[in-house]
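# Chain and residue survey
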Amino acid sequence: MPLHKQNGTQGVSGASNPEATLITTDWNEEWKALQTMRRSPDNPSWWDGRAKHFRPRETHPYAQDFLDLAALRPGERVLDMGCGGGTLAIPLAQAGHPVVACDFSRAMLDVLADGCAYYGVGDLVEEHLLAWDEDWQAAGIAPKSVDVAFASRSIATRDLADALTKLDRSARRRCCITLVTGASPRVDTTIMAAIGASVTESRDYVYAFNILVGLGRYPEVRYITSPRRDTFDSLEDGVQDFSRMLEGGNEGRVDELRNYLAAHMVENPDAGKPGQKGKPQGRYMLDHERIMRWAFIAWNTSAS
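Residues numbered from 1 in each chain as written. Predicted model: local features only at pLDDT ≥ 70, side-chain atom pairs only at ≥ 80, totals over all residues. Heavy atoms only, no water.

## A short note on unusual backbone geometry
A positive phi is found at Lys144, a non-glycine position, where the angle reads about 55 degrees. Secondary-structure assignment places Lys144 in the loop between strand 3 (125-129) and strand 4 (146-152). Judged by its relative accessible area of 27%, Lys144 is partly exposed. You will see that Arg153, though not glycine, has its phi angle at about 55 degrees, which is positive. Checked against the element boundaries, Arg153 lands in the loop between strand 4 and helix 8 (160-170). (Helix = DSSP H or I, 4+ residues; strand = E, 2+ residues; numbered from the N terminus. Buried < 20%, exposed > 50% of the residue type's maximum accessible area, 1.4 Å probe, protein only.)

Structure below.
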């Protein structure tokens, strides 16, 4: 079901009636405008480079929370769009669900294949090299070909309505996605506040919710909290790693960042053990835990 473009009166009506603005705003156009002010989405080669750190060998608490909220029925066939190294696809297959696992990174799919071989579930996982903006049907993802469609922390697109429509079209019963509720997952807001850096809170889930309402769906929203510990082997390693946050006018705050890290880095008692994505943990960590909050949005499709 396509979105209906609105006429140009929303600014006038919204001036005296905020509710009218909410109803008449074309939220996908607002999303597209937002993307022009953001950094370019990560491309397949960037994720290829990170793939070596994605080695799912146990179900992450975030993944377990996602699957609990998804409430799948026994044996349901699942589309996992943006599957990465198999954070969801592998536990789904272990539970007996056939999985159509899609990602635009070839290296990620290779990691997934290794994980499937490790757990002996390769016969339940069907892999597709596929991006959001490609022709899904041409790639073999037919309409209503799965029972449930997932996109877990993986929606990176200039056209959000198109992405949501593709998920909706693919699923016979239900769709489940997660989107960030505040600042980018790459940003530690505690650090940014301490060094006087500005932070943009995107609240992507608000756009998705409103677009889905415009599509005639009835989205439900729950929240998943996900703690993160960033570790590093030296002060300069930490500065190099955390400097990724210093964008959008904050690039000149490297000295403040270094001073903050020097004052708040502590010995990591789990140094060397597998950390996030299987990467060995560094010698140091910060004296605070970073908490990410994800919006879990689910809706029934037109076939339900």
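So that's the structure; there's more coming.
## A few points about the pairing of strand 10 (residues 290-300)
With eight of eleven residues buried, strand 10 is to be regarded as a mostly interior element. As defined by bridge partners, strand 5 (residues 171-180) adjoins strand 10 across seven bridges and the pair is classed as antiparallel. Within strand 10, the residue paired with Cys176 across the bridge is Ala298. Sheet topology note: the strand 6 (residues 220-228)/strand 10 ladder contains nine bridges and is antiparallel. Each bridged residue has a counterpart across the sheet, and for Pro227 the counterpart in strand 10 is Ile291. (Pairing = 2+ DSSP bridges.)

## Considering the sheet that holds strand 9 (residues 284-286)
One open sheet holds the three strands; their spatial order is 7-9-8, and the pairing between them is antiparallel. Pairing within the sheet leaves two strands with one partner each, and these edge strands are strand 7 (231-232) and strand 8 (265-267). By the bridge criterion, two bridges tie strand 7 to strand 9 in an arrangement that is antiparallel. Following the sheet pairing, Thr231 is matched in strand 9 by Met285.

## Here's the deal with the side chain of Asp188
Positionally, Asp188 belongs in the loop between strand 5 and helix 9 (189-194). One buried charged residue, Asp188, remains without a salt bridge, the closest side chain of opposite sign being Arg290 at 4.1 Å. A distance of 2.9 Å separates polar atoms of two side chains, one belonging to Asp188 and the other to His288. Ignoring sequence-local partners within four residues, the contact set of Asp188 consists of Met245, Leu286, His288 and Arg290. (Lys, Arg positive; Asp, Glu negative; His and termini not counted. Salt bridge = Lys/Arg side-chain N within 4 Å of Asp/Glu carboxyl O. Polar contact = N/O pair within 3.5 Å; in protein donor to acceptor, adjacent residues only side chain to side chain. Contact = heavy atoms within 4.5 Å.)

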